[in-house]
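Examining the three-dimensional arrangement
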Amino acid sequence: MRIITIVGARPQIIKAAALSRVISNNFQNIEEIIVHTGQHYDKNMSDVFFTELEIPKPQINLKVGSSSHGSQTALMIEKIEKVMLEYSPDAVVVYGDTNSTLATAIAASKLHIPIVHIESGLRSFNKKMPEEVNRILCDHVSTLLFSPTKSGFNNLLNEGFSKEYSNNASADHPNIYHCGDVMYDNSLYFSKLSDENSDILEKLKLRNEKFILATVHRNDNTDSEIKLTDLFSTFLEITEIHQLKIILPLHPRTSKMMEQLLDSKLLKKIQESNLLTIINPAGFLDMIALEKNAQLIITDSGGVQKEAYFFKKPCIILRPQTEWVEIVETKSAVISDTNSKIILEATERFLSNPDLEFPGVFGNGNAASFIAQEMLNQFS
Ligand code: UD1
Ligand code: UDP
């Protein structure tokens, strides 16, 4: 059986590691061809993950690069179509909700190639998010839909998907599954490797220091002068009130938008701060080390929110809503959007070490094996 896996953005490369690992260890009868759209291309947004997560290098890089949503997606569709025609896979595997996901869904569905959507069913119920549009469209042309959470599975039922299992699923009669999260599989697998190999805590002199980890990259936050200003002013305020470092691995999008949108006085304050520590995008093993040792995580990232939960850390979510509703229901995470008052209050509360619970809602660490087995059942 031959599958093509399409990745493009950082989190997709990381997610793909889980399935690639189980395929090369236990499912040698699946041939996986990895195609990179080139949506992310900086070394520290792409190459670093193939090396340290031991994912086979992509056989094909479509080198699409950055541009507006329309032109980026269109160029991907054209190039992905050519690859599909050349390699005639039995199925194509896509992750999450980026433009690379959407482009694959459009190209493959028109060629009647079954789509396997991993991380399906997640909804923010906010169609102003490009990701919400991408994942809804992808789900509705997919053949196998693997949802990491019960709430994601229920979202699919609410949109009319049937939970009746078919031995011969198709785009018209798709199968939906609640199978756990491949990112949870990864967090278990790479946690030990991070302990053994990451030296980021030494490099940043954090080994015996308390700190907060933050990330920001969602367009809703980076592209608004008001929101970006509120966020960075609040970060500075937190460091001053609590005399605590905030470590912020900076996404290239945010870096560019800070230069464009932030007032020069605020930029200067950020640059001169001894406590707000901006670093380049981190590798995954370093990121895990930072997550495992932080007191608190403040983020608008989907993946980082979940990893906070996997490593039993409180999390403040810099978005108006989240698809990962379970982590908010357990009260280990709070939705703040860019509201400074909520962020400051939640920081105060979480730093006082409240009793928090992190019940297992992301599966048992075997999501990728389940997915590989089910692809074999359906397509070989
Ligand atoms: C994309 C995804 C988002 C995901 C994020 C993960 C879409 C619509 N968005 O957002 O869901 O959370 O990836 O990180 O697909 N850039 C670089 N170097 C790179 C990559 C990007 O400088 O290697 C800069 C470019 O200026 C580019 C901007 O970042 O225009 C945005 O990149 P893009 O891939 O369009 O979207 P992300 O914000 O990264
Ligand atoms: N990540 C990383 N280095 C960083 C920031 C994030 O390795 O500097 C990892 C993070 O641990 C998670 C994934 O990237 O596994 C999340 O990707 P991102 O925040 O870019 O996108 P999202 O999950 O919001 O789509």
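Presented here is an overview of the structure given in this document.

Parameters and conventions
Residues numbered from 1 in each chain as written. Chains lettered and ligands numbered in written order. Predicted model: local features only at pLDDT ≥ 70, side-chain atom pairs only at ≥ 80, totals over all residues. Heavy atoms only, no water. Phe/Tyr/Trp six-rings, centres within 6.5 Å; stacked < 30°, edge-to-face > 60°. Helix = DSSP H or I, 4+ residues; strand = E, 2+ residues; numbered from the N terminus. Buried < 20%, exposed > 50% of the residue type's maximum accessible area, 1.4 Å probe, protein only. Pairing = 2+ DSSP bridges. Contact = heavy atoms within 4.5 Å. Axes fitted to C-alpha atoms, helices over the stretch in contact; angles between N-to-C directions. Right-handed = clockwise from strand over helix to strand, strands pointing away. Near = heavy atom within 4 Å. Polar contact = N/O pair within 3.5 Å; in protein donor to acceptor, adjacent residues only side chain to side chain. Areas by Shrake-Rupley, 256 points an atom, 1.4 Å probe, with all protein chains shown as cover. Nonpolar A, V, L, I, M, F, W, Y, C, P; charged D, E, K, R; others polar. Salt bridge = Lys/Arg side-chain N within 4 Å of Asp/Glu carboxyl O.

Right, let's talk about the packing of aromatic side chains for a bit. Under the criterion given, the structure shown has 12 aromatic pairs. Here the aromatic rings of Tyr 309 and Phe 358 are separated by 5.3 Å at their centres, their planes lie at 65°, and the arrangement is edge-to-face. Taken together, the residues Tyr 309 in helix H14 (residues 302-310) and Phe 358 in the loop between helix H16 (340-351) and helix H17 (367-379) connect sequence positions 49 residues apart. Residues Tyr 309 and Phe 358 agree in their burial class; the two are buried.

Our focus in this paragraph is the sheet that holds strand S7 (residues 175-178). Read across the open sheet, the seven strands follow the order S3-S2-S1-S4-S5-S6-S7; overall the sheet is parallel. The open sheet is flanked by strand S3 (60-61) and S7, the only strands paired with a single partner. In this sheet, S3 lies alongside strand S2 (residues 31-36) in parallel orientation, the contact comprising two bridges. Opposite Val 35, over in S3, you have Ile 60 as the bridge partner. Sheet strands in contact with helix H5 (residues 130-139) are strand S4 (91-95), strand S5 (115-118) and strand S6 (144-147), and its direction is about 140° off that of S5.

We now examine the pairing of S5. Every other side chain in a regular strand lies on the same face of the sheet, so the side chains alternate between the two faces. Neither face of S5 is open: one carries Ile 115 and His 117, the other Val 116 and Ile 118, and all of them are buried. Pairing geometry for S4 and S5, over four bridges, is parallel. Pairing of Val 94 across the sheet is with His 117, part of S5. In the classification by handedness, the crossover that spans S4, the intervening helix H4 (residues 99-110) and the parallel S5 is right-handed. In this structure, S5 lies alongside S6, joined through three bridges in parallel fashion. Paired with His 117 across the two strands is Leu 145, which belongs to S6.

In this structure, Lys 63 takes a positive phi of about 50° despite not being glycine. With a relative accessible area of 67%, Lys 63 lands in the exposed category. One non-glycine residue, Asp 337, lies in the positive phi region at around 50°. By the secondary structure assignment, Asp 337 is in the loop between strand S13 (333-335) and H16.

Ligand 2 sits among 19 residues. The nearest are Ala 282, Ser 301, Gly 302, Gly 303 and Glu 307. A distance of 2.9 Å separates an oxygen atom of ligand 2 from a polar side-chain atom of Arg 218. In this structure, an oxygen atom belonging to ligand 2 sits 2.8 Å away from a main-chain N or O atom of Gly 302. Protein contact buries 95% of the 530 Å² of open area that ligand 2 shows by itself. If you list the elements that add at least two residues to the shell around ligand 2, you get helix H1 (10-26), helix H13 (284-293) and H14. Here the shell around ligand 2 is built from residues that sort into 10 nonpolar, five polar and four charged.

With that settled, consider the site of ligand 1. Near ligand 1 lie 19 residues; those nearest to it are His 40, Glu 131, His 217, Arg 253 and Lys 256. In this structure, an oxygen atom belonging to ligand 1 sits 2.8 Å away from a main-chain N or O atom of Asn 99. In the environment of ligand 1, an oxygen atom lies 2.8 Å from a nitrogen or oxygen atom belonging to the side chain of His 217. Out of a free accessible area of 740 Å², ligand 1 has 89% covered by protein chains. Counting residues per element, the shell around ligand 1 draws most heavily on helix H11 (residues 252-261), at three residues.

Let us now look at the side chain of Thr 73. If you trace the backbone, Thr 73 turns up in helix H3 (residues 69-87). Overall, the relative accessible area of 9% leaves Thr 73 in the buried class. Looking at Thr 73, its side chain comes within polar contact range of the main-chain oxygen of His 69, at 2.6 Å. Those residues in contact with Thr 73, other than ones at most four positions away along the chain, are Asn 99, Leu 102 and Ala 103.

Per the stated rule, a full pass over the model turns up 21 salt bridges. As a salt-bridge pair, Asp 223 and Arg 253 come within 3.0 Å of each other at their nearest N and O atoms. You can see Asp 223 sitting in the loop between helix H9 (219-222) and helix H10 (225-242) and its partner Arg 253 sitting in helix H11, a full 30 residues away along the chain. Arg 253 gets classed as partly exposed once you look at its relative accessible area, which sits at 35%.

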